[in-house]
Amino acid sequence: MSQDNATEEDQAKADTRRASGEFVRGISGFRRTLGDEGLAPEPGRYHLFVALNCPWCHRVTLARAVLGLQDSISMDVAFPNRTGDGDPDGPNLWEFAPQRRASLTGEPLSECTLETGTGDGLRLAKEIYRREGSDEQSVPILYDKHERRIVNNESAEIIRMLDAHAAALGSRLPEDRRVRLLPDDPALADTIAALNERIYLSINNGAYKAGFSSDQSVYAHAFQAYFETLAYLEELLSDGRDFLTGAAFTEADLRLFPTLYRHDPVYYLRMKLNAARILDYPHLWRWLCRVYAQDGVAEAGSLIHCRQGYFGRSWNGVVPLGPVTPMTYPEAYHHPELAGPGA
């Protein structure tokens, strides 16, 4: 398989890099495509397994929302903290357990569900993979309820499929009101591809390089690249455009949003990305608020799940309550004026 630098990480010497302290993301193993033989895009046939704290899942839930597919693609949501050491199947597994209580709230999380996609009420995402002889355990999963098989578990490819087949999949939005994440214009597609690559390498995956690598130099390189790209994007938006490529929301915006949505309330601390907040970048902040205001976007994610999922896995399981100044999150995303007038 050829390397796509906007989709997956280079696996060269991956074991050696991991042993030296670098976080190296693995490659998803299920890569079938809607529209191929036997995989007709049609309403009600496909199902998503996600976790709302996971930014790769967030891409997919965002696509489902902005493309109007909430009624025609069903979805199950895992609890944001994975299984612990005492679990009979082992630790670190995604679990469909709506009865579990979040330490942040002391209550179950209303978005969490039982597993309904297979029809068998499985407890773990890993069990879905086991049925296909795979030892993978990641989410998101796009699942075919007719074949009872996994279609794809690479988020970048899932959002492309949902975009390309939105009408056939049963979008509730008419074509003239539905975004097109990857427009047909070749020049615009090239611009989106270039943005996707930089955003994936330095922002989406870069945040994990900074937060989960145990080598100081790897962290420092990721930290620098992350904030260099934020500065680049801030300058890009400074000409008054609404979105990264101009007036229309595209795949580049969708892929950037999950990381920046998490930055101030989670990544600033958890990923050690504490050079600045998104609130300190006026144009990026207003962009973030503009995306958040789109129909379906607020409901496609949850900062309670994010806080619980990232901090609840830390050594003591305590979840920070802030930030609360100048306002709590995500309420702050309703207030583009918090960043000031900008340059």
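The paragraphs below set out a description of the structure included in this document. (Residues numbered from 1 in each chain as written. Predicted model: local features only at pLDDT ≥ 70, side-chain atom pairs only at ≥ 80, totals over all residues. Heavy atoms only, no water.)

1. Some details on the sheet that holds strand S3 (residues 141-144)
So, step 1. Pairing is mixed across the open sheet formed by four strands, whose spatial order is S2-S1-S3-S4. Of all the strands in the sheet, just strand S2 (74-77) and strand S4 (149-152) have a single pairing partner and so form its edges. Within the sheet, the average angular offset between the axes of one strand and its neighbour, ignoring direction, is 30 degrees.
So, step 2. Direction of pairing for S3 relative to S4: antiparallel, over a ladder of three bridges. Residue pairing across strands places Tyr143 opposite Ile150, the latter belonging to S4.
So, step 3. The sheet strands contacting helix H2 (residues 55-66) are strand S1 (46-50) and S2, and the helix crosses S1 at an angle near 140 degrees.
So, step 4. Each of S1, S3 and S4 is contacted by helix H4 (residues 155-164), which is oriented at about 85 degrees to S4, the strand it contacts most. (Pairing = 2+ DSSP bridges. Helix = DSSP H or I, 4+ residues; strand = E, 2+ residues; numbered from the N terminus. Axes fitted to C-alpha atoms, helices over the stretch in contact; angles between N-to-C directions. Contact = heavy atoms within 4.5 Å.)

2. A closer look at empty space enclosed by the protein
So, step 1. Applying the stated criterion across every chain yields a total of one cavity of 30 Å³ or more.
So, step 2. Taken as a whole, the largest cavity spans an internal volume of roughly 40 Å³.
So, step 3. For the largest cavity, the full set of lining residues is Pro55, Trp56, Arg59, Asn204, Arg255, Pro258 and Thr259.
So, step 4. Its residues placed into classes, the lining of the largest cavity shows three nonpolar, two polar and two charged. (1 Å grid on protein atoms, 1.4 Å probe; cavity = no way out; pocket = protein on both sides within 12 Å on 5 of 7 lines; lining within 4 Å. Points joined across faces, edges and corners; volume = space filled by probe spheres on them. Nonpolar A, V, L, I, M, F, W, Y, C, P; charged D, E, K, R; others polar.)

3. Notes on the packing of aromatic side chains
So, step 1. Scanning all chains against the criterion turns up 19 aromatic pairs.
So, step 2. Centroid distance Phe30 to Tyr129: 5.6 Å. Interplanar angle 55 degrees. Geometry classified as tilted. Residue Phe30 is located in the loop between helix H1 (14-19) and S1, and its partner Tyr129 is located in helix H3 (residues 125-130); the two are separated by 99 residues in the primary sequence.
So, step 3. A relative accessible area of 13% places Phe30 in the buried class.
So, step 4. The exposure class assigned to Tyr129 is buried, which follows from its relative accessible area of 0%.
So, step 5. Ring centres 5.1 Å apart and planes at 75 degrees place the aromatic pair Tyr208 and Phe212 in the edge-to-face group. Note that Tyr208 and Phe212 are positioned in helix H6 (residues 186-212) at a spacing of four residues, about one turn of the helix.
So, step 6. For Phe212, a relative accessible area of 30% gives the class partly exposed. (Phe/Tyr/Trp six-rings, centres within 6.5 Å; stacked < 30°, edge-to-face > 60°. Buried < 20%, exposed > 50% of the residue type's maximum accessible area, 1.4 Å probe, protein only.)

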